[in-house]
Structures are given as C-alpha cells and as structure tokens.
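A look at the structure
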Amino acid sequence: QQQVKQSPQSLIVQKGGIPIINCAYENTAFDYFPWYQQFPGKGPALLIAIRPDVSEKKEGRFTISFNKSAKQFSLHIMDSQPGDSATYFCAAKGDSNSNSGYALNFGKGTSLLVTP
Amino acid sequence: SAVISQKPSRDICQRGTSLTIQCQVDSQVTMMFWYRQQPGQSLTLIATANQGSEATYESGFVIDKFPISRPNLTFSTLTVSNMSPEDSSIYLCSFGQGVAQETQYFGPGTRLLVL
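On a predicted model such as this, the values are computed, not experimentally measured, just so you know.

This part is about the state of the cysteines. Counted according to the given criterion, the structure contains 2 disulfides over all chains. Between the sulfur atoms of C23 of chain A and its disulfide mate C90 of chain A the distance is 1.9 Å. In this structure the cystine formed by C23 of chain A and C90 of chain A twists about its S-S bond by roughly -95°; its chirality is therefore left-handed. On the criterion of sequence distance, the pair formed by C23 of chain A in strand β3 (residues 20–25) and C90 of chain A in strand β9 (residues 86–94) is long-range, its members being 67 residues apart. Here C90 of chain A falls in the buried class, since its relative accessible area comes to 0%. Disulfide pairing places C23 of chain B opposite C93 of chain B at an S-S distance of 1.9 Å. Between C23 of chain B and C93 of chain B the sulfur-sulfur dihedral comes to about 70°; the bridge is accordingly right-handed.

All names here are of chain A. Strand order in the open sheet made by the 5 strands is β1-β3-β8-β7-β6, with antiparallel pairing throughout. Since the sheet does not close on itself, it has two edges, and those belong to β1 (4–7) and β6 (56–59), each with one partner. Taking each pair of neighbouring strands and ignoring which way they run, the sheet shows an average axis angle of 15°. Bridging between strand β7 (residues 62–67) and strand β8 (residues 72–77) involves 6 bridges; their strand directions are antiparallel. Within the sheet, the bridge partner assigned to F62 lies in β8 and is I77.

We now examine the interface of chain B and chain A. Between chain B and chain A, the contact holds 25 residues from the first and 22 residues from the second. Taking both sides of the interface into account, the surface hidden between chain B and chain A amounts to around 1800 Å²; carbon and sulfur atoms contribute 55%. Broken down residue by residue, the surface that chain B buries against chain A is led by S42, L43 and E102 of chain B, which jointly contribute 26%. Inspection of the chain B/chain A interface yields 1 salt bridge.

So, on to the pattern of salt bridges. Residues and elements named next belong to chain A. Counting across every chain of the model gives 5 salt bridges over all chains. Salt-bridge contacts for K71 lead to E26; the nearest nitrogen and oxygen are separated by 3.4 Å. Remark: E26 occurs in the loop between β3 and β4 (30–38) and K71 occurs in the loop between β7 and β8; sequence separation between them is 45 residues. The class for E26 is exposed, based on a relative accessible area of 62%. The salt bridge partner of R61 is D84, with a shortest N-O separation of 2.8 Å. Pair noted here: R61 is in the loop between β6 and β7 and D84 is in the loop between β8 and β9, with a separation of 23 residues, a long-range link.

With respect to the helices, strands and loops of the structure, R10 of chain B is situated in strand β2 (residues 10–13). Residues R10 of chain B and C23 of chain B, spaced 13 residues apart in sequence, show a C-alpha to C-alpha distance of 13 Å.

Scoring rules and cut-offs
Residues numbered from 1 in each chain as written. Chains lettered and ligands numbered in written order. Predicted model: local features only at pLDDT ≥ 70, side-chain atom pairs only at ≥ 80, totals over all residues. Heavy atoms only, no water. Disulfide = S-S within 2.5 Å. Helix = DSSP H or I, 4+ residues; strand = E, 2+ residues; numbered from the N terminus. Buried < 20%, exposed > 50% of the residue type's maximum accessible area, 1.4 Å probe, protein only. Pairing = 2+ DSSP bridges. Axes fitted to C-alpha atoms, helices over the stretch in contact; angles between N-to-C directions. Contact = heavy atoms within 4.5 Å. Buried area = accessible area lost by both parts, 1.4 Å probe. Salt bridge = Lys/Arg side-chain N within 4 Å of Asp/Glu carboxyl O.

That's the geometry; what it means functionally is another story.
So this is what it looks like as structure tokens:
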C-alpha cells in the first residue's frame, strides 16, 4: 500500500505565486523526508530534505514545513517561476517494510505548472 | 555530488526478450539502488546492490525476473528478463550517501517500452 500520500495530483499557479504540496504518512519509524523535482525525460533530482526534529527548513525558494504530531509535511515554493514547472515527489525513509532498509517510499507525485 | 549515467536511455523491445540496463557512477559508492517508475506513478525500489554480495530484493520483485550485477564500486546492471508489456516503465538507478544511505541521487533513467 502507498506509505506516503501526496496531494494535490496537479497544481497550476501564476508566476510569483506560492504552490504548496502536501504529504502525509503513517509509519512513525520514518526519520528522513526528502523532496524530489523531476523534469520530463530526466531522473528525479533531490531538492531539499528534513528530519523530524526540525519543524521547518529553507533552501533558497524552497521550504519544507514538518508537523510531527500530524504526520504531515509540505513543500512551499516561494516566488514560483515558469522554470519550476515539473513533477514533485515527496518521500520518506526509515525502518519500514523494506527488505533492505534503504527504500525511499515515494508519494505519487504532483504535476506543477507555473504560468507566465 | 557524483555524476550518474545510464545506458540505454530508451529502448523498444519485443515480448519475451531481455534487456540489460547499465548504470555508471563517476566515483566509488557503497550502495546502488534500482527503482521502477511506472507511467504516471511513483518510484518503487526493486533492489539494493552492494558490491561483493547478492542484491537484496524488495517485496514483489525476484532475482529471476530482475537479475542484478555489481562487479565494482562504480557500476551496476539490471536485467529485465522475459519481458511483457507490463514491464514498460522507466528504470532508474541511484546511489546513496550518508550513514543510512538516505540521501539518494538518481540517474536519468531508461525508458522501456515492451510490445
């Protein structure tokens, strides 16, 4: 079953807007939460990641907000640009039901379109 | 970080055949990972490859279908065997950094279409 639930499936914002993508998880053993950006025809690229002992992390225009009690985390993109149009994936890692213990459990992705 | 490449970038194959995908990292890494990304779906880990030992497969994936080699610290291959149209996916390799290999960097992927 999907270990990480991501919403919305797609999102359209105007340039300069702040798209917000949300993810929720159930497994309290997860201890690492990265976000990836994927452009068509490319592999996912690591954007930013957070651990549960921190409630917020910023890197450039990208911010992760983390709510441990609610088991939710979100990605905010400040001053979004058309070049940010891509698919965004959240993920979670920890001692889950991965045989190797190394699996990143991905959400289903959010297709973001930033219009000029 | 290290640069990771894959070959081929895409292929169209006939049902019943096999395809071997190569993954090369430009520096030595401990763990390499193979993921599958089905059309419009999220990524799912197939197996973890550690040099000098058998690959560890995740639930739902078996060695007979997806044999993996890891001959050295910079290279790995994934074979998709006896392919069917359901195997049409993007196959991605990655490598990990950090004590728990949690920071994973992905290659560009191999886009496979099985007819």
